[in-house]
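So the chains spell out like this:
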Amino acid sequence: MSLKTNELQKITGLQGTDTILVDTDAKGTGRAPLDAATEFFKETFLAGGVPYGKELTDSWANLRARILAGDMAGIHIGDYKTITLTTGEVVIMEVAGIDHYYKCGYPTMIGHHVDFISRDCLAGTKVFNDTATNNGTAAEPNPWRASKLFHTLNDETVGVYAALPADLKPCIVEKIALLEHRFSAAGALESDTGWDWNTMGKLWVPTEVEVFSNTFWSDGDAGWTGGGGCNLQYPIFYGGAKHIIKGAGNGGGRCSWWEASARRQSATHVCIVSYHGDASGPVATDGGVYAPLCFRIG
């Protein structure tokens, strides 16, 4: 016999001995008594955010093959892989989203993917721009793609991308997203003027919405701002500040870090996560802000 979901009997009460599905690293996916499951969720998502996970042992090539096949078994939000840049810098890359934007995109649909965001920021501060502007350009109207930080991360000769391990580079794909426009030949703008689907590059930083699930300082006054509804908080940032607050380099003291969103009602400021853990937005030339390492495997 088969039933539609609207034909199922309404549940009027749950007992502590009833069971529901839960997922743990120790025991995998299985049924647990409701009382035990409640404690499990209290100790994880309801207690400071997503727990730190396990180290993934797959090679990057094997991991990518599994992801492309839609095989995410054993991969959980908060799991991580440790990499060493050619500079000797160690970076812990955490699973931030699994198929987070699967089937989004235009004209091409985004396929299976896993987005990684570093537990701490890269060593050394980085400016968003050399000049105090959060506008794009005539050739590149998106503020993030037009920024110096975009090139600092993505330059394949002298950028951070050039320092990635050789076995990782072929597994990274560009992140397709709905990106804001902020440019006018008539002068600097303090709000967005539109959007289009484009790539954020192979290396990127998340938007304000992807971190905080809201447009606190980014432009939220029109349908295209905040990603037009295709801009979602990464699960790793849900439920607590454990992964939002990042260190200045691996294991370093807490620091402020850049997001990809231009600040609203300003032609010069950009959104960040402050070292306090709150949303903020300093001038684009601020010399005291860091950047995480973020990439998509798919």
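### Notes on the layout of surface pockets
Reported here for the second largest pocket is a volume of approximately 210 Å³. Taken together, 13 residues make up the lining of the second largest pocket; nearest its centre are M109, I110, G111, E174 and I176. A breakdown of the residues in the lining of the second largest pocket according to their chemical character gives six nonpolar, five polar and two charged.

### Digging into the packing of aromatic side chains
Summed over the entire model, instances satisfying the criterion amount to ten aromatic pairs. Taking 6.4 Å as the distance between ring centres and 80° as the angle between the ring planes, the aromatic pair formed by Y101 and Y234 counts as edge-to-face. Of this pair, Y101 sits in the loop between β4 (90–98) and β5 (114–118) while Y234 sits in the loop between α5 (208–212) and β9 (246–247), and the two are 133 residues apart along the sequence. A relative accessible area of 0% means that Y234 is categorised as buried. Both rings, one in F128 and one in W258, keep their centres 5.5 Å apart while their planes meet at 50°; by these two values the pair is tilted. Taken as a pair, F128 in the loop between β5 and α3 (143–146) and W258 in strand β11 (residues 257–262) lie far apart in primary sequence, 130 residues in all. Grouping residues by exposure puts F128 and W258 together as buried. One aromatic cluster is present, built from ring pairs that chain together F128, W144, F150 and W258. Positioned over the ring face of W60 is K81, at 5.2 Å from the centre of the ring.

### Let's talk about unusual backbone geometry
Residue P107 is reached from Y106 by a cis peptide bond, and omega for that bond is 0°. Within the fold, P107 resides in the loop between β4 and β5. At Q265, a residue that is not glycine, the phi angle is positive and equals roughly 55°. Examined against the element boundaries, Q265 turns out to sit in the loop between β11 and β12 (270–273).

### Notes on the pattern of salt bridges
Within the structure shown, the criterion is met by ten salt bridges. When the shortest N-O distance is used, the salt bridge between D58 and R66 registers 3.3 Å. On the accessibility criterion, D58 (22% relative accessible area) is partly exposed. You can call R66 buried: its relative accessible area is 19%. Note that R66 is salt-bridged to D71, the shortest N-O span being 3.5 Å. Overlapping salt bridges bring together D58, R66 and D71 as one network.

Basis of the calculations
- Residues numbered from 1 in each chain as written.
- Predicted model: local features only at pLDDT ≥ 70, side-chain atom pairs only at ≥ 80, totals over all residues.
- Heavy atoms only, no water.
- 1 Å grid on protein atoms, 1.4 Å probe; cavity = no way out; pocket = protein on both sides within 12 Å on 5 of 7 lines; lining within 4 Å.
- Points joined across faces, edges and corners; volume = space filled by probe spheres on them.
- Nonpolar A, V, L, I, M, F, W, Y, C, P; charged D, E, K, R; others polar.
- Phe/Tyr/Trp six-rings, centres within 6.5 Å; stacked < 30°, edge-to-face > 60°.
- Helix = DSSP H or I, 4+ residues; strand = E, 2+ residues; numbered from the N terminus.
- Buried < 20%, exposed > 50% of the residue type's maximum accessible area, 1.4 Å probe, protein only.
- Lys NZ or Arg CZ within 6 Å of the ring centre and 35° of its normal.
- Salt bridge = Lys/Arg side-chain N within 4 Å of Asp/Glu carboxyl O.

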